[in-house]
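Residues per chain, in single letters:
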Amino acid sequence: MQSFIDSLIASGIFGGLPAEAVYPAMMFLFASLVVFGFVLPLVTITIWLERRVWSRIQSRVGPNRVGPQGVLQGLADGVKNILKEDVVPDAADRPLFVFAPYLLVWGFLATFVVIPFSSALVIADLNVGILYITAIVALSAVGVLMAGWASNNKWSLLGGIRSAAQVVSYEIPAGLALLPVVLLTGTLSTQGIIQAQGWAPWDWFLFHSPFTFIAAFAFYISALAETNRTPFDIPEAESELVAGFATEYSGFRFALFFLAEWGSLYVTGAIMAVVFLGGWQIPTGWTNNTVVLNIAQLGVFFLKAYFWVFLAMWIRATLPRIRVDQMMSLCWKYLVPLGFVNLVGTAVWMVIWPEGNAFVPYLMVVGTLALTVIFFRRVLYHLRRAKPELYFNPAI
Amino acid sequence: MASSIGQYLKHAKEAAATIFEGMSVTMSHFVRKPYTIQYPDRTAVRVQDTLPLRYRGILEVDLEICTGCLACERACPIDCIVIDAPKDKATRAMLLSRFDIDIAKCMYCGLCSEVCPTGSIHHTTEFEGADYSLESMIRRFVKDPVLAYKAKKGEETDPLIAPILDRGLEFLAEWAEPVDMKKYKKAQEEAAS
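Residues numbered from 1 in each chain as written. Chains lettered and ligands numbered in written order. Predicted model: local features only at pLDDT ≥ 70, side-chain atom pairs only at ≥ 80, totals over all residues.

Quick look at the overall build of chain A
Phase 1: Tallying secondary structure elements over chain A gives 13 helices and 0 strands in all.
Phase 2: Listing the helices and strands of chain A from first to last along the sequence gives α-α-α-α-α-α-α-α-α-α-α-α-α.
Phase 3: For chain A, the C-alpha radius of gyration of 22 Å lies close to 21 Å, the compact-globule estimate for 396 residues.
Phase 4: Along the first, second and third principal axes, the C-alpha atoms of chain A reach 65 × 65 × 45 Å.
Phase 5: Looking at chain A residue by residue over its 396 residues, the buried ones come to 39%.
Phase 6: Counting only contacts in chain A whose residues sit at least 6 apart along the sequence, the fraction spanning at least 24 positions is 78%. (Helix = DSSP H or I, 4+ residues; strand = E, 2+ residues; numbered from the N terminus. Rg over C-alpha atoms; globule rule 2.2 N^0.38 Å. Buried ≥ 20, exposed ≤ 12 C-beta atoms within 10 Å, placed from the backbone. Contact = placed C-beta atoms within 7 Å.)

Description of the overall build of chain B
Phase 1: When you go through chain B residue by residue, the secondary structure sums to 5 helices and 7 strands.
Phase 2: For chain B, the N- to C-terminal ordering of α and β elements is α-β-α-β-β-β-α-β-β-β-α-α.
Phase 3: For 193 residues, the compact-globule estimate of 2.2 N^0.38 gives 16 Å, and the C-alpha radius of gyration of chain B, at 28 Å, exceeds that figure by more than 25%.
Phase 4: When its C-alpha atoms are laid out on the principal axes, chain B stretches across 110 × 45 × 35 Å.
Phase 5: Here chain B, with 193 residues, has 16% of them falling under the buried criterion.
Phase 6: In chain B, of all internal contacts separated by at least 6 residues, the share reaching a separation of at least 24 is 78%.

Quick notes on unusual backbone geometry
Note: most peptide bonds trans; most residues except glycine with negative phi.
Phase 1: Note that the residue after B:Tyr39, namely B:Pro40, is joined by a cis bond; omega there is 0°.
Phase 2: Residue placement: B:Pro40 occurs in the loop between helix 1 (2-30) and strand 1 (59-61).
Phase 3: With phi around 60°, A:Ser59 is a residue other than glycine that occupies positive phi space.
Phase 4: By the secondary structure assignment, A:Ser59 is in the loop between helix 2 (19-57) and helix 3 (73-83).

Considerations on helix 5 (residues 129-150) of chain A
Phase 1: For helix 5 of chain A, built from 22 residues, the straight-helix expectation of 32 Å at 1.5 Å per residue is met to within 8% by its first-to-last C-alpha distance of 32 Å.
Phase 2: Of the residues flanking the end of helix 5 of chain A, it is A:Asn152, one or two places downstream, whose phi is positive at about 55°. (Expected span 1.5 Å × (residues − 1).)

Concerning the interface of chain B and chain A
Phase 1: Every contact between the two is made by 20 residues of chain B and, on the other side, 21 residues of chain A.
Phase 2: Residue composition of the side of chain B that touches chain A, by class: 10 nonpolar, 7 polar and 3 charged. (Nonpolar A, V, L, I, M, F, W, Y, C, P; charged D, E, K, R; others polar.)

Overview of the sheet that holds strand 4 (residues 98-102) of chain B
Residues and elements named next belong to chain B.
Phase 1: Within the open sheet, the 3 strands sit side by side as 2-4-6. Their pairing is antiparallel. Looking at the sheet topology across the chains shown, the edges are occupied by strand 2 (81-84) and strand 6 (138-140). Taken pair by pair, the neighbouring strands of this sheet meet at an average axis angle of 15°, ignoring direction.
Phase 2: For strand 2 and strand 4, the ladder comprises 4 bridges, and the chain directions are antiparallel. Counterpart to Val82 in the pairing with strand 4 is Asp100. (Pairing = 2+ DSSP bridges. Axes fitted to C-alpha atoms, helices over the stretch in contact; angles between N-to-C directions.)

Next comes the structure, spelled out in structure tokens:
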């Protein structure tokens, strides 16, 4: 990036502008390009995918009219939201009310800085990458709390407070679940963690040991709670709090809340892919073309990230919302102790097998496959009992 | 102490097992054919054509067989039917100069079609009545005054009117046939058992 800007300055297209002015301007341009050219389509498609997956599970059709199979539905909804009146209630704390959605979006957009989409495609490979993600994600909690408080509405306030309690609690198990991997790799950099893994499932940290396997799911549950996803969507529980912290918002700001929610869903999937699923790792040696290699890595990374995104959608269609006290007891009585067990267990594991056990990863891959087979046998059992008309075509 | 740890592990195990089972149920729903139909443009058959003859949709009048008896106008509880049936001065025959039904007012009770002697006024299976103004919701069936229908003794012989009259009488028969409560109850019991 820097060398690219240097070459631009050397070519003289900026005239006599000082380099100190060119760098921020180019960075700003690049960030805007990333947001509008990459994040917005990504979120749009994620929302569309969620609505389609959800409706198929509920025996509905889902949005399929705007664009091919309704992919552009998000665009239509976005235009609708932007054209709507932007209402700020009289009793609201105006500056905070106006600022809160931007903080929320900022919190999830900033995580894209350290997500490595391929071996070359990463905006900044920070040496504190994972720590940076866990820290910056907490910004959205501030945004939610700010929105809840500034709306001057009981539903909003309850939603904001619940969200703050939730995020503050689940930061701990999320951090604890990432620690075993940090122990194993000795680095916090996202690229470093990916390079410590391989392309094959038995080289992934998910199957490194039973402890990392449990840690992966503990992190996933905590991440679902942090991004306010069902079954932890108590801050915006429709049946209790209307729309929680977003109750008083309309128009563009409401759209920003949605952008942040589904954007952070993708970020969750991406972190899972980076930390536990080997990120962009693919078999090497079949091509020397860097561009082809990077595109293949990008494809593999998206596949892995969207697996977890799909799982979150599927969970949302399955599980009912849990109560506030249940959420707290799940966090403090189950996930936090589990996190410490994983941390100590991984440390012991590293003392016994410093290079990793040669046998256990294969066993865990086989075990996971067996579990998948059992799962699909249960699915077939339910299908046999209901004898429904099947429809496998994703297009409708 | 030991039992409480057992309880704790049992809770965790139950949570995992029930989520596993629940996810398998939703996955089995994921591959099923959606029950919803894509009304109005992507249905195999027009929805109107799948409805039964007794469906009480928007009213329609066959002016060819309307006798101008005004029974429907009198039967209508909310006066949404307006008929003008003056006598032609020269021929002393009954004319129909106006037959308006206000669809916006109509409550689809079906009293008018029950009293019609020829089945001229009847419900269709059409239900798409959306329009831009209340004025255009009024269905005006008479453009130029026409002669009212006069029932013949015996069979209708006019080849243009006979099929229309047959259709009208078919509508009447649909309405006139009372539901046999004994048969109905028996069918219900059979369905229950």
